[in-house]
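# Notes for the structure review
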Amino acid sequence: LLSFTVIPMSIATLTLLYCLKLWKRTDEKSIYLRNRISGLLLAMTFIILPSVSIKIFATFVCHDFDDNTSFLKIDYTLSCSASSHLGYIFYATI
């Protein structure tokens, strides 16, 4: 979950910071670069958003067993009552 969310957010943040740096310039090349980067950032958002959303929502789906144990449906090695899973739920909620 962390790698699926932190890496795209880091790339987007760095791209936006560079775009803001270009925003102050008014020459033709800077305007072209700014528009190109904005379009690439928008395309990246549309490509990455579905897979990130699936990973985030999969954090909430647990499978309950007859012996009163509960495991994450996408990875049966992770217990839903573990403190690490509760941390992921908190992170996914934010």
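It should be emphasised that the depicted structure is a prediction, and the values quoted were computed from it without experimental measurement.

The next thing to look at is helix α1 (residues 2–23). For α1, with 22 residues, the first-to-last C-alpha span of 31 Å sits near the 32 Å given by 1.5 Å per residue. Within α1 the residues assigned to the buried category are Thr5, Pro8, Ala12, Cys19 and Leu22. Each buried residue of α1 sits inside an arc of 120° when the element is viewed along its axis, so together they form one side. Within α1, the exposed residues directed more than 90 degrees away from the buried face are Leu14, Leu17, Leu20 and Lys21. Residues of α1 that are buried in the fold lie against α2 (28–58) and α3 (83–93).

Let's shift gears to the packing of aromatic side chains. This model, assessed by the stated rule, comprises 2 aromatic pairs. Between Phe65 and Phe71 the ring centres are 6.0 Å apart and the planes differ by 65°, which places this aromatic pair in the edge-to-face class. Taking the relative accessible area as the measure of exposure, Phe65 reaches 34% and is therefore partly exposed. Residue Phe71 is classed as partly exposed on the basis of its relative accessible area of 23%. Among the aromatic residues, ring-to-ring pairing joins Phe65, Phe71 and Tyr76 into one connected group. Residue placement shows Arg34 over the ring face of Trp23; its charged tip is 4.3 Å from the ring centre.

This paragraph deals with the packing of α1 against α2. Two elements in contact, α1 and α2, have axes separated by 10 Å at closest approach and are oriented at 165°. Viewed along their axes, α1 and α2 adopt a mutual orientation that is roughly antiparallel. Considering the relative orientation of α1 and α2, their crossing is left-handed. Residues Phe4, Thr5, Pro8, Ile11, Ala12, Thr15, Leu16, Tyr18, Cys19, Leu22 and Trp23 of α1 form the contact with α2, whose participating residues are Ser30, Leu33, Arg34, Ile37, Ser38, Leu41, Met44, Ile48, Val52, Lys55 and Ile56. Residues belonging to the contact of α1 with α2 are distributed by class as follows: 16 nonpolar, 4 polar and 2 charged.

As a further point, take the state of the cysteines. Scanning all chains against the criterion turns up 1 disulfide. In this model, Cys62 is linked to Cys80 through a disulfide, with the two sulfur atoms separated by 1.9 Å. Handedness here is read from the sign of the S-S torsion; for Cys62 and Cys80, about -105°, the answer is left-handed. Of this pair, Cys62 sits in strand β1 (residues 62–64) while Cys80 sits in the loop between β3 (75–79) and α3, placing them 18 residues apart in sequence. Given a relative accessible area of 29%, Cys62 falls into the partly exposed group.

Before going further, it helps to spend a moment on the side chain of Thr59. Assignment of secondary structure puts Thr59 in the loop between α2 and β1. Within polar-contact distance, the side chain of Thr59 engages the backbone oxygen of Lys55 at 3.2 Å.

Reading the values: the criteria
- Residues numbered from 1 in each chain as written.
- Predicted model: local features only at pLDDT ≥ 70, side-chain atom pairs only at ≥ 80, totals over all residues.
- Heavy atoms only, no water.
- Helix = DSSP H or I, 4+ residues; strand = E, 2+ residues; numbered from the N terminus.
- Expected span 1.5 Å × (residues − 1).
- Buried < 20%, exposed > 50% of the residue type's maximum accessible area, 1.4 Å probe, protein only.
- Arc of directions from axis to C-beta.
- Contact = heavy atoms within 4.5 Å.
- Phe/Tyr/Trp six-rings, centres within 6.5 Å; stacked < 30°, edge-to-face > 60°.
- Lys NZ or Arg CZ within 6 Å of the ring centre and 35° of its normal.
- Axes fitted to C-alpha atoms, helices over the stretch in contact; angles between N-to-C directions.
- Parallel < 35°, antiparallel > 145°, perpendicular 65-115°, else oblique.
- Left-handed = near helix turned anticlockwise from the far one by under 90°.
- Nonpolar A, V, L, I, M, F, W, Y, C, P; charged D, E, K, R; others polar.
- Disulfide = S-S within 2.5 Å.
- Polar contact = N/O pair within 3.5 Å; in protein donor to acceptor, adjacent residues only side chain to side chain.

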